[in-house]
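Secondary and tertiary structure notes
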Amino acid sequence: MHKDIEKILISDEELREINKRLGEQITKDFEGKNLMVVGILKGSIYFMADLTREIKLPLKLDFLAVSSYGSSTRSSGSVRILKDIDMDISGYDILLIEDILDSGRTLKYVSDMLKSRGASSITICTLLDKPARRVVDLKADYVGCSVPDEFVVGYGLDYDQHYRNLPFIGSLKREVYE
C-alpha cells in the first residue's frame, strides 16, 4: 500500500470482478445496437480499457477531456471541454464512461451536450458512485459500486495528477490534501 493511502476501499481483484459484471450486462443490453463508448479523460482511462475488453460486441471508442476540479478536491461547478470527441455521434448509442459520479455536474453537462449532437441514446456507466456529494439530479445506468464521502484515488482517479496508477482504489489521507 502507498504511504499516502489511509485504507484500500476496492482491491484490484474486486475491480476485475466489477468490470466482468458490468461488461456482461452491457453486452446483453447493447446487443444489436450501434455502440460507441466515450470515456471522460483522464480518470476513466483504466476503467474504460478494462471494461471494454469485457464487452463482447463491436464498438467504437472516443474520448472527451473535461475539467471541473483543477487541483482542488471539490468541483468548481464550471465544466470546461478540454478535448472534444473526434467522431460524428449521430445515430450512435453512446455509453458514457466516467470514473466517479460525484456532484453530477460534469456528467449532466456532457450528457446534455452529446444528446444535442444527435446520439440515438446516452447511457452512463460509472465505476464509482458517491451519492453523498450529488448536487444534480442524475443517476448512472451502470454502477461499479458506491463509495463513502471520502477522497478516493487510484485506478485512474487522482489528486493533483498523482496516484492514478495505483492498482486499487483507496482513500487518501487528509493531511495530503488539506
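Relevant structure appears above.
Position labels on residues start from 1 in each chain and follow its written sequence. Confidence filtering applies because this is a predicted model: local features only for residues at pLDDT of at least 70, side-chain atom pairs given and counted only at 80 or more, and all residues used for totals across whole chains, interfaces and linings. Calculated side-chain values reflect all of the structure's heavy atoms, with hydrogen atoms and water omitted.

1. Some details on the side chain of Asp 129
- Numbering of helices and strands starts at the N terminus; helices are DSSP runs of H or I of at least 4 residues and strands are runs of E of at least 2. Residue position: Asp 129 is located in strand S6 (residues 121–129).
- In terms of polar contacts, Asp 129 uses its side chain to reach the side chain of Arg 134, at 2.4 Å.
- It only takes one pair of heavy atoms within 4.5 Å for two residues to be counted as in contact. Excluding its chain neighbours within four sequence positions, the residues that come into contact with Asp 129 are Leu 101, Arg 134, Val 143, Cys 145, Ser 146 and Val 147. Polar contacts, as used here, are pairs of N or O atoms within 3.5 Å; protein pairs need one atom able to donate a hydrogen and one able to accept it. Residues neighboring in sequence count only if both atoms are side-chain atoms.

2. Considerations on the sheet that holds strand S5 (residues 93–101)
- One open sheet holds the 6 strands; their spatial order is S4-S3-S2-S5-S6-S7, and the pairing between them is mixed. At either end of the open sheet lies a strand with only one pairing partner, and these are strand S4 (80–83) and strand S7 (142–146). Strand-to-strand twist of the sheet, defined as the mean angle between neighbouring strand axes without regard to direction, takes the value 30°.
- As paired elements, strand S2 (residues 35–41) and S5 share 5 bridges and run parallel to each other. We treat two strands as partners when DSSP finds at least two bridges between them. Axis angles are defined between N-to-C directions and span 0 to 180 degrees, where every axis is a line fitted to C-alpha atoms and, for a helix, only to the segment in contact.

3. Concerning the nonpolar core
- Ile 26, Leu 95, Cys 125, Leu 128 and Ile 169 are the most contacted members of the largest nonpolar core, which totals 25 residues.
- Of all the secondary-structure elements, those providing two or more residues to this core are helix H1 (12–29), S2, helix H2 (45–54), S5 and S6.
- Per element, the largest residue contribution to this core is 4 residues, and it comes from H1.
- Once residues lying within four places of it in the same chain are set aside, the contact partners of Ile 26 are Leu 51, Ile 55, Leu 57, Leu 95, Cys 125 and Tyr 142.
- By size, the runner-up hydrophobic cluster in this structure holds 21 residues, among which are Val 79, Ile 94, Leu 138 and Ala 140. By convention a nonpolar core is built from buried Ala, Val, Leu, Ile, Met, Phe, Trp, Tyr and Cys residues, the set being connected through side-chain atoms within 4.5 Å. A 1.4 Å probe rolled over the protein chains alone gives each residue an accessible area, and that area as a share of the maximum for its type sets the label: buried under 20%, exposed over 50%, partly exposed in between.

Taken by themselves, the reported measurements are silent on function.
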